[in-house]
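Chain residues, written in single-letter form:
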Amino acid sequence: MFSLILIALFALELVKSVQVWVVMPWTEILARVSAAILVLFDSSVQVHGVVIQNMTTFSGVSIEPGCNGVEACIVLIAAIIAFPAPWKYKLMGVAAGVLAVQGLNILRIISLFYLVQWSAAAFKFAHLYLWQALIMLDVLVIWLVWIRFVLRNAASEEPTCEPA
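One structure accompanies this document, and this report is about it. (Residues numbered from 1 in each chain as written. Predicted model: local features only at pLDDT ≥ 70, side-chain atom pairs only at ≥ 80, totals over all residues. Heavy atoms only, no water.)

Notes on the side chain of Asp 138
So, step 1. Its location among the elements puts Asp 138 in helix α5 (residues 120–157).
So, step 2. The buried charged residue Asp 138 lacks any salt bridge, with Arg 108 as its nearest oppositely charged partner at 11 Å. (Helix = DSSP H or I, 4+ residues; strand = E, 2+ residues; numbered from the N terminus. Buried < 20%, exposed > 50% of the residue type's maximum accessible area, 1.4 Å probe, protein only. Lys, Arg positive; Asp, Glu negative; His and termini not counted. Salt bridge = Lys/Arg side-chain N within 4 Å of Asp/Glu carboxyl O.)

Rendered as structure tokens:
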């Protein structure tokens, strides 16, 4: 079930209209939110579409496909939907899980913005290896926490039969 949902969601993500109307606007929102946080610490930060740039040093980052957290969210959504749980818990898990993944992704973008200004080698390592692993580890941890939540709460909601 997980594999089928995963394939379906990844296929849906690749549809041009989904890219145009969902993925790219989401990526631009992610860039604006990240830049809004960065501006609190550095007024020279500007955002242009998916590019966040320091206007003093002209260094910055571009949030490209694969860096917007969408794929990590797809994996989490597939895992939650495939797990045998009541739909109300699935919907709560998807909502909270996507927020958590995207929250960490914003931290990722901010850290990469500063790393690219400090060291190209550190940026490359963090971007290609460290943050890739941390985001997927985050997905796993969120899913495991959600399962624990479901098992505790669903068990308390089960009707009990008493002998007559």
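That shown, we press on.
Details of the nonpolar core
So, step 1. Grouped together as the largest cluster of nonpolar side chains are 41 residues, with contacts concentrated most on Ile 52, Ile 63, Val 101 and Trp 146.
So, step 2. Sorting the residues of this core by element identifies α1 (2–14), α2 (16–39), α3 (70–82), α4 (87–118) and α5 as the ones contributing at least two each.
So, step 3. The leading source of residues in this core is α5, at 10 residues. (Core = buried A, V, L, I, M, F, W, Y, C linked by side-chain atoms within 4.5 Å.)

A few points about the packing of aromatic side chains
How two aromatic rings sit relative to each other is set out by the distance from centre to centre and by the angle between their planes.
So, step 1. Overall, the coordinates contain five aromatic pairs when judged by the stated rule.
So, step 2. Between the aromatic rings of Phe 83 and Trp 146, the centroid separation amounts to 5.6 Å while the plane-to-plane angle is 75 degrees, which identifies the pairing as edge-to-face. With Phe 83 in the loop between α3 and α4 and Trp 146 in helix α5, this residue pair connects regions lying 63 residues apart in the sequence.
So, step 3. Geometrically, the ring pair formed by Phe 113 and Tyr 114 is edge-to-face, given 5.5 Å between the ring centres and 75 degrees between the ring planes.
So, step 4. Ring pairs connect the aromatic residues Phe 83, Trp 143 and Trp 146, which therefore count as one cluster.
So, step 5. Over the aromatic face of Trp 87 sits the side chain of Lys 90, whose NZ or CZ is 4.7 Å from the ring centroid. (Phe/Tyr/Trp six-rings, centres within 6.5 Å; stacked < 30°, edge-to-face > 60°. Lys NZ or Arg CZ within 6 Å of the ring centre and 35° of its normal.)

Points about the sheet that holds strand β1 (residues 45–48)
Whether parallel or antiparallel, the strands of a sheet pair through hydrogen bonds between backbone atoms.
So, step 1. If you trace the three strands from one edge of the open sheet to the other, you get β1-β2-β3, paired in antiparallel fashion. With one partner strand each, in any of the chains shown, β1 and β3 (60–62) form the two edges of the open sheet. Ignoring which end each strand starts from, the neighbouring axes of this sheet average 15 degrees apart.
So, step 2. In terms of strand pairing, strand β2 (residues 51–54) meets β3 through three bridges, oriented antiparallel. Bridge assignment links Ile 52 to a residue of β3, and that residue is Val 61.
So, step 3. Relative to β3, α4 is tilted by about 130 degrees, and along the sheet it contacts β1, β2 and β3. (Pairing = 2+ DSSP bridges. Axes fitted to C-alpha atoms, helices over the stretch in contact; angles between N-to-C directions. Contact = heavy atoms within 4.5 Å.)

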